[in-house]
Amino acid sequence: MHLGRANIDATLRAAASRGDVEIVSRPVLLASNNQEARFLVGSQRPFVQVSRSLPTETPTRDQVIQYRDVGTKLTVRPTINQDGYVSLLIQQEINQATSEVQFDAPVISTREAVTRVLVKNGQTIVIGGLRDQQRDVSHSGVPILSGLPLIGGLFGRADRKTNRTELYLFLTPRILKTDADADSVTTPRLPKVEQR
């Protein structure tokens, strides 16, 4: 089944309005022929890389903090063929901090897909299947009493939550041969300037 770009946009907007889909980002990424381009939608999270106690009169801890990118990272290397097709080397990586903790830092969940596709100029392709499922258990209740064996359940409760996500990536390569082609892609993204 072949869907045009207008049909894909309408379908995604309808699914987003129902709450079935969340559109994470709609970037325009410009890349030269056979040159790598990348973007990251996310943030940097601090992690303690090294921690040590210093032997001084007043005990202090010395920590070295390292920042790690967490979010959705996309790397694309396009190669333009003479017949109007674009060969795309695509690497998609999703890093996410989980509720699980080891060595006083959250465990990072990573999903990655690497593929090469041949796409006609202006045709949309979809890459999917990057699924993730996270389980979270939180305990609440009366301190000490909720931790007692056998009767602890009378004084507290455990909430279990499961989150399932699947990420789809829609790519539409466009060969920009003239300044007008570049303007047609970038101008709609620019903020509107009011005329006085």
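Note that the coordinates shown come from a computational prediction; the quantities given were computed from them, not determined experimentally.

A. Here's a closer look at the overall build of the protein. Per the secondary structure count, the protein includes two helices and six strands. In sequence order, the protein lays out its α and β elements as α-β-β-β-β-β-β-α. Classification of the 196 residues of the protein by burial places 20% in the buried group. Taking the intrachain contacts of the protein between residues at least 6 apart in sequence as the baseline, contacts between residues at least 24 apart amount to 55%. Roughly 15,000 Å² of accessible area belongs to the protein as shown, and the carbon and sulfur atoms make up 50% of that amount.

B. Quick look at the pattern of salt bridges. For the coordinates displayed, the defined rule picks out one salt bridge. Here Arg38 and Glu36 are joined by a salt bridge, their closest N and O atoms 2.7 Å apart. Taking relative accessible area as the criterion, Arg38 reaches 51% and is therefore assigned exposed. With a relative accessible area of 42%, Glu36 lands in the partly exposed category.

C. Summary view of the nonpolar core. Membership of the largest hydrophobic core is limited to 11 residues, which are Leu74, Val76, Val86, Leu88, Ile90, Val119, Ile125, Ile127, Leu169, Leu171 and Ile175. Elements represented by at least two residues in this core include exactly strand S2 (60-80), strand S3 (85-102), strand S5 (125-141) and strand S6 (156-171). At three residues, the largest contribution of residues to this core is made by S3. If we ignore the near neighbours within four places in the chain, the residues touching Val86 are Pro78, Thr79, Val117, Leu118, Val119, Pro173 and Ile175. In this structure, Phe47, Ala97, Ala105 and Ile108 belong to the second largest nonpolar core, which totals five residues.

D. Region of interest: the environment of Asp83. Mapped onto the elements, Asp83 comes out in the loop between S2 and S3. Here the side chain of Asp83 touches Tyr85 through a polar contact of 3.5 Å, landing on its backbone nitrogen.

E. Main features of the environment of Ile90. Positionally, Ile90 belongs in strand S3. A C-alpha to C-alpha distance of 9.6 Å links Ile90 and Glu36, two positions 54 residues apart in sequence. Not counting chain neighbours up to four residues away, the residues in contact with Ile90 comprise Leu74, Thr75, Ala113, Val114, Thr115, Val117, Ile125, Ile127, Leu169 and Leu171.

F. Inspection of the layout of surface pockets at higher detail. Space inside the largest pocket adds up to approximately 1,800 Å³. Along the walls of the largest pocket sit 50 residues, with Ser25, Pro27, Leu169, Phe170 and Leu171 positioned nearest its centre. For the lining of the largest pocket, the secondary-structure elements that each account for two or more residues are helix H1 (5-18), strand S1 (37-54), S2, S3, S6 and helix H2 (179-186). With eight residues, the single largest contributor to the lining of the largest pocket is S6.

G. The arrangement of the side chain of Glu93 in detail. Within the element layout of this structure, Glu93 appears in strand S3. Of the side chains with opposite charge, Lys73 comes closest to the buried, unpaired Glu93, at an N-O distance of 4.5 Å. Here Asn95 takes part through its side chain, which lies 2.8 Å from a polar atom of the side chain of Glu93. Ignoring anything within four residues of it in the chain, the contact list for Glu93 reads Gly71, Thr72, Lys73, Thr110, Arg111 and Glu112.

H. Representation of a nonpolar patch on the surface in the model. A contiguous nonpolar surface patch, about 410 Å² in accessible area, is contributed by Val142, Leu150, Ile151 and Phe155. Of note, Leu150 is situated in the loop between S5 and S6.

I. Quick peek at unusual backbone geometry. Even without being glycine, Asn34 reaches a positive phi, approximately 65 degrees. Its relative accessible area of 39% is what places Asn34 among the partly exposed residues.

J. Representation of the side chain of Ser87. Structurally, the position occupied by Ser87 is in strand S3. The buried category is assigned to Ser87, whose relative accessible area is 13%. At 3.5 Å, the side chain of Ser87 forms a polar contact with the side chain of Arg116.

The rules we used
- Residues numbered from 1 in each chain as written.
- Predicted model: local features only at pLDDT ≥ 70, side-chain atom pairs only at ≥ 80, totals over all residues.
- Heavy atoms only, no water.
- Helix = DSSP H or I, 4+ residues; strand = E, 2+ residues; numbered from the N terminus.
- Buried < 20%, exposed > 50% of the residue type's maximum accessible area, 1.4 Å probe, protein only.
- Contact = heavy atoms within 4.5 Å.
- Areas by Shrake-Rupley, 256 points an atom, 1.4 Å probe, with all protein chains shown as cover.
- Salt bridge = Lys/Arg side-chain N within 4 Å of Asp/Glu carboxyl O.
- Core = buried A, V, L, I, M, F, W, Y, C linked by side-chain atoms within 4.5 Å.
- Polar contact = N/O pair within 3.5 Å; in protein donor to acceptor, adjacent residues only side chain to side chain.
- 1 Å grid on protein atoms, 1.4 Å probe; cavity = no way out; pocket = protein on both sides within 12 Å on 5 of 7 lines; lining within 4 Å.
- Points joined across faces, edges and corners; volume = space filled by probe spheres on them.
- Lys, Arg positive; Asp, Glu negative; His and termini not counted.
- Patch = residues over 30% accessible without salt bridge, like charges linked within 9 Å, V, L, I, M, F, W, Y side chains within 5 Å.

Function-wise, these values are silent; they only describe arrangement.
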